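Residue strings, one per chain:
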Amino acid sequence: MVLLNLYNCLQTYLVLGALLFGFGVYGLIVRRTIIGMLISSEFILAAASTNFMAFNRFLAPDPTIGQIFTLFIMAIAAAEASIAISIVIAVYRNYKSIDVEDLGDLQG
Amino acid sequence: MQPLVFSPTPNPTLFSVEGIVGIIFLLTVALVIFGALVAVNSHRLVRAVSGLAICFTGLAGVYYFLLSPFLAMMQLLIYVGAVSILIAFGIMMSTPEQQDLPGNKHISKLAGPLGCSVGALFFAGFSVLGLNTQWQVFPRPENASGDIEAVGKVLLTTHSMVFELISIVLLLAIIGALVLARRGRN
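**Student:** Which parts of the structure should I look at to understand helix α3 (residues 65-95) of chain A?
**Tutor:** An α-helical turn contains 3.6 residues, so a residue and the one three or four places further along point in the same direction. Relative to the 45 Å expected for 31 residues at 1.5 Å per residue, α3(A) spans 44 Å between its end C-alpha atoms, a close match to the ideal helical length. Remark: A:Lys96 follows α3(A) within two positions and exhibits a positive phi of approximately 60°.

**Student:** So what exactly am I meant to see when it comes to a nonpolar patch on the surface here?
**Tutor:** A contiguous nonpolar patch, built from B:Met161, B:Val162, B:Leu165, B:Ile168 and B:Leu172 and spanning about 480 Å² of accessible area, is present on the exposed surface. Among the secondary structure elements, B:Ile168 is positioned in helix α6 (residues 160-182).

**Student:** How should the packing of aromatic side chains be read in this particular structure?
**Tutor:** Geometry of an aromatic ring pair is reported as the spacing of the ring centres plus the angle between the planes. Within the structure shown, the criterion is met by twelve aromatic pairs over all chains. Plain terms: the ring middles of A:Tyr13 and A:Phe58 are 5.8 Å apart, the flat faces sit at 40° to each other, and that makes the pair tilted. Of the two residues, A:Tyr13 sits in helix α1 (residues 10-30) while A:Phe58 sits in helix α2 (residues 34-58), which places them 45 residues apart along the sequence. In this structure A:Phe58 comes out as buried when scored by relative accessible area, which is 4%. Geometrically, the ring pair formed by B:Phe56 and B:Tyr79 is tilted, given 4.5 Å between the ring centres and 40° between the ring planes. Of the two residues, B:Phe56 sits in helix α2 (residues 45-65) while B:Tyr79 sits in helix α3 (residues 69-94), which places them 23 residues apart along the sequence. The residues B:Phe56 and B:Tyr79 share a single accessibility class, namely buried. The rings of A:Tyr7, A:Tyr13, A:Phe58, B:Phe25 and B:Phe65 are connected pair by pair, giving a single aromatic cluster. For the cation-ring pair, A:Arg57 lies above A:Phe58, with the distance from its terminal atom to the ring centre recorded as 4.6 Å.

Conventions we followed
- Residues numbered from 1 in each chain as written.
- Chains lettered and ligands numbered in written order.
- Predicted model: local features only at pLDDT ≥ 70, side-chain atom pairs only at ≥ 80, totals over all residues.
- Heavy atoms only, no water.
- Helix = DSSP H or I, 4+ residues; strand = E, 2+ residues; numbered from the N terminus.
- Expected span 1.5 Å × (residues − 1).
- Patch = residues over 30% accessible without salt bridge, like charges linked within 9 Å, V, L, I, M, F, W, Y side chains within 5 Å.
- Areas by Shrake-Rupley, 256 points an atom, 1.4 Å probe, with all protein chains shown as cover.
- Salt bridge = Lys/Arg side-chain N within 4 Å of Asp/Glu carboxyl O.
- Phe/Tyr/Trp six-rings, centres within 6.5 Å; stacked < 30°, edge-to-face > 60°.
- Buried < 20%, exposed > 50% of the residue type's maximum accessible area, 1.4 Å probe, protein only.
- Lys NZ or Arg CZ within 6 Å of the ring centre and 35° of its normal.

As structure tokens, this is what we get:
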């Protein structure tokens, strides 16, 4: 069965990464809270990581470079999530809401 | 389009070792897709975070299939263990229940079909691009290995500058998060 051999095929991982990217973009548009949009942006970063790992496994001459890239993406994502959560908490303290429609006035 | 198949047996049967590995891979991919669906579509944000954790657990399995158990462990440690928990704490500290229910605001009528079509367009475009490109396989030297030892050596020699910079970024993120979350507290 060809279906059982999908894990040895580069295109499987590329389609999986594209699927995660599509979910991320969909969530970014549909979600109306900041935390929901943050979750969706994590999917976009995960899609990039998946592509880097797939190219690292199948195409690259150096089998460590993609793993290094993915590690850096993870570090950046962790920093981004912590900053975003602290912004969410600061916003909620001022507005008592994290719905993006209630955050219209930014002049303070 | 030629599939890049490196397996010794290109068509494994269902109950051979390769067949069972293939079944486990399909289950892993199903876990990723299920988690992503839950994370994107659920109205309660706590369920969305649970879906995020499920999806990233499956993604750790996918990294394991990509011959990198170190990255699989890091995925579990950083994403499932740290980022998801951090977002869950953010939800607990900021939202009242059922914040993301549809229907009470006026933009959500257009956002559903628009987001669905844009996401499907991105997915179809990238899939077609990935499936139709003739990928060029660069030859790999004989002694090249991708295990933890090689990753550690490369991280501290070739990429040591970026390693230091990323530690500075993380330090700034810690300080910035403290400053931002503290501001406005009376």
